[in-house]
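# Fold and geometry: a report
These are the residues of each chain, in order.
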Amino acid sequence: MNKSLSLSMTPPLLQWRAYLEMTKPKVVALMLLTVFVGMCLAVPGGLPFPTVIYGLSGIAMMAGAAAAFNHLIDRRIDGLMSRTGNRPLPQGKISISRAILFAVTLAIVGFILLYAQVNPLTAWLTFASLIGYAVIYTAYLKRATPQNIVVGGLAGAMPPLLGWTAITGEFHGNALLLVIIIFTWTPPHFWALAIHRRHEYAKVDVPMLPVTHGIAFTKTCIFLYTLLLAIACLLPVLVGMSGPLYLVCSTVLSGIFIYKAWVLKFNDKPELAMGLFRFSIYQLMLLFAALLIDHYLWIQ
């Protein structure tokens, strides 16, 4: 059965699910948590409800558009990898023209919503993040250098800053500290997955670090980045943005991350890399939850 016939036979409900899958909803949900924490940390008291809703909605739309563009650009290699082979485009659930229209529409509506209802700064920063992820990282860096995830990770680290500017309309150094945390978190998070999927990346000629420099070198880099991440996680405490609760939670989470990276470095068990990958997701969620709770706990 060819893809056009498969597309015509796809029930509307499944097409709706396919469009949703293109936006990478789980990734966007984690990103929106960091956006919301950025919003909350920007002010000492309550948040303006309309701005929060418009901000989260617009940022979610543009993040979903960036993910959809990622699906479009990577559709060939996605079809060759078991992890991504069931995505909508390789499976022919959505045509390329419809996927382009969907991504462009989502990006435009999200940008207009942010520009008109939040502020121009947040709209343009979110647009820059979209370009950074969809074009600079996906279309170029991903295939150009084994440091792709390090250089391109800045686009994925922007959400807390977007939340901060959505509320205040201006840059602040404290927001950049949150960006640094996610920026240093991204390489060990993604390299753990890359170790597990190294053969698939090699098959499609994507120069991920485990493919170009080997697993042992990648494990060392993961461990060193967890040390760097532990330092980055202390920055909010050092500048007085967070207090004792966050310090304790951050220290515990960093200690577990470092321990798991150390175990991964000196063991060859296949499941350890994916275990570290999964833990890193929960680590980031709990870290930002601790930031949020600590913020309101110490408001006088």
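Each value, and the rule that gives it
Residues numbered from 1 in each chain as written. Predicted model: local features only at pLDDT ≥ 70, side-chain atom pairs only at ≥ 80, totals over all residues. Heavy atoms only, no water. Axes fitted to C-alpha atoms, helices over the stretch in contact; angles between N-to-C directions. Helix = DSSP H or I, 4+ residues; strand = E, 2+ residues; numbered from the N terminus. Parallel < 35°, antiparallel > 145°, perpendicular 65-115°, else oblique. Contact = heavy atoms within 4.5 Å. Nonpolar A, V, L, I, M, F, W, Y, C, P; charged D, E, K, R; others polar. Salt bridge = Lys/Arg side-chain N within 4 Å of Asp/Glu carboxyl O. Buried < 20%, exposed > 50% of the residue type's maximum accessible area, 1.4 Å probe, protein only. Polar contact = N/O pair within 3.5 Å; in protein donor to acceptor, adjacent residues only side chain to side chain.

The next point concerns the packing of helix α14 (residues 215-238) against helix α15 (residues 244-265). Interaxial distance between α14 and α15 falls to 9 Å at its minimum, and their mutual angle equals 175°. In this view, α14 runs roughly antiparallel relative to α15, as classed from their interaxial angle. Each of Lys219, Thr220, Ile222, Phe223, Thr226, Leu227, Leu229, Ala230, Cys233, Leu234, Pro236 and Val237 in α14 lies in contact with α15, whose residues at this interface are Tyr246, Leu247, Ser250, Ser254, Phe257, Ile258, Ala261, Trp262, Leu264 and Lys265. The residue inventory of the contact of α14 with α15, partitioned by class, reads 16 nonpolar, four polar and two charged.

The next thing to look at is the pattern of salt bridges. Pairs may arise between side chains of opposite charge once their charged atoms sit close together. Scanning the entire structure with this criterion turns up five salt bridges. For Glu200, the salt bridge identified is with Arg197, shortest N-O distance 2.9 Å. What makes Glu200 buried here is its relative accessible area of 11%. Look at the salt bridges and you will find they share partners, linking Asp74, Lys142 and Arg143 into a network.

For the rest of this paragraph, the subject is the environment of His213. By secondary structure assignment, the location of His213 is in helix α13 (residues 209-213). Residues His213 and Pro146 lie 67 residues apart in sequence; the distance between their C-alpha atoms is 8.3 Å. Among the polar contacts made by the side chain of His213, one reaches the side chain of Thr212 at a distance of 2.7 Å.

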